[in-house]
Amino acid sequence: MSPTSDPSRSPSLAPMRPLPALIFSSRWLQLPLYIGLIVAQCVYVFLFLKELWHLVTHAFDFSEQQIMLVVLGLIDVVMISNLLIMVIVGGYETFVSRLRLEGHPDQPEWLSHVNASVLKIKLAMAIIGISSIHLLRTFIEAGNIGIAGRTANYTETGVLLQTMIHVVFILSAIGIAWVDRMTVVPNHKPH
């Protein structure tokens, strides 16, 4: 049996020439970027805990609408945090190095078939979700527009512009998915 036919042994890798080795190694320059996103994730955890404390300590003072707005803010922080995790884990796995999580009980299901196309679509869907939460908060607060004695944080134009931006996000995600579907090789099933 030859060494290449034995599945327990991997063939030795031929050494790379200097320029291709330098180019290939340059992917590690992204490592500080992913570490920076982990720091940003820590900031979001702090923000979440601060807002949660604010909600708990003012639970008896807040109106139902104020509680709903704070809870939507908490959901927004969680969704942005989820987006960060997708970018950190998926981006590192796709562009820097394998995490070797196969068989780990906590391996995210989507990570087993992540590639640049899947990551783009997942990110687009996460951005739409975040935009939806922002738009819902705007719609709730927009109830004060035009009511005497109440201050509104948004104008009618502001609400309309946010709605249009959200629709653009949706159309962009549809466009990304459509282009991705067009570029899929025949006989290859997309994930």
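Computed from a prediction, not measured in an experiment: that's the story for all the values here. (Residues numbered from 1 in each chain as written. Predicted model: local features only at pLDDT ≥ 70, side-chain atom pairs only at ≥ 80, totals over all residues. Heavy atoms only, no water.)

### Topic: the overall build of the protein chain
Secondary structure summary: the protein chain contains five helices and zero strands in total. Listing every helix and strand of the protein chain by position from the N terminus yields α-α-α-α-α. The proportion of buried residues among the 191 residues of the protein chain is 24%. Considering only contacts in the protein chain between residues 6 or more positions apart, those separated by 24 or more positions represent 64%. Carbon and sulfur atoms form 68% of the exposed surface of the protein chain, whose accessible area is close to 13,600 Å². (Helix = DSSP H or I, 4+ residues; strand = E, 2+ residues; numbered from the N terminus. Buried < 20%, exposed > 50% of the residue type's maximum accessible area, 1.4 Å probe, protein only. Contact = heavy atoms within 4.5 Å. Areas by Shrake-Rupley, 256 points an atom, 1.4 Å probe, with all protein chains shown as cover.)

### Section: the nonpolar core
Judged by nonpolar contacts, I80, L83, M86, V89, W110, L111, V114, L119, A126 and I130 together constitute the single largest core of 10 residues. Elements with a minimum of two residues in this core: α3 (64–96) and α4 (116–141). No other element matches the four residues that α3 contributes to this core. Discounting residues that sit within four places of it in the chain, I80 has contacts with Y44 and I130. (Core = buried A, V, L, I, M, F, W, Y, C linked by side-chain atoms within 4.5 Å.)

### What about the pattern of salt bridges?
Under the defined criterion, the tally for this structure stands at one salt bridge. Among the ionic pairs, E93 bridges to R98, the shortest N-O distance being 3.4 Å. (Salt bridge = Lys/Arg side-chain N within 4 Å of Asp/Glu carboxyl O.)

### Regarding the environment of L31
Mapped onto the elements, L31 comes out in helix α2 (residues 31–57). Considering only alpha carbons, one finds L31 and F95, 64 residues apart in sequence, at a separation of 9.9 Å.

### As for the packing of α3 against α4
Two packed helices can be described by the angle between their axes and the distance between those axes. The contact between α3 and α4 brings their axes to 10 Å, and the two run at 170°. Between α3 and α4, the interaxial angle falls into the category roughly antiparallel. Each residue belonging to the contact of α3 with α4 can be placed in one class, and the counts come to 19 nonpolar, seven polar and four charged. (Axes fitted to C-alpha atoms, helices over the stretch in contact; angles between N-to-C directions. Parallel < 35°, antiparallel > 145°, perpendicular 65-115°, else oblique. Nonpolar A, V, L, I, M, F, W, Y, C, P; charged D, E, K, R; others polar.)

### Overview of the packing of aromatic side chains
This structure, assessed with the given rule, holds two aromatic pairs. The interplanar angle of 70° and the centroid separation of 6.2 Å between the aromatic rings of W28 and Y92 together place this pair among those described as edge-to-face. With a gap of 64 residues between them, W28 in the loop between α1 (18–25) and α2 and Y92 in helix α3 connect regions that are remote in the sequence. When its relative accessible area of 16% is taken as the criterion, Y92 is described as buried. By way of ring pairs, the aromatic residues W28, Y34 and Y92 are connected into one cluster. (Phe/Tyr/Trp six-rings, centres within 6.5 Å; stacked < 30°, edge-to-face > 60°.)

### Details of the confidence of the model for the protein chain
In this model, the protein chain carries an average pLDDT of 83, and 85% of its residues clear a pLDDT of 70 or more. Within the model, the stretch residues 1–9 combines pLDDT values under 50 with three contacts to residues more than four positions away or in other chains. (pLDDT = per-residue confidence, 0-100.)

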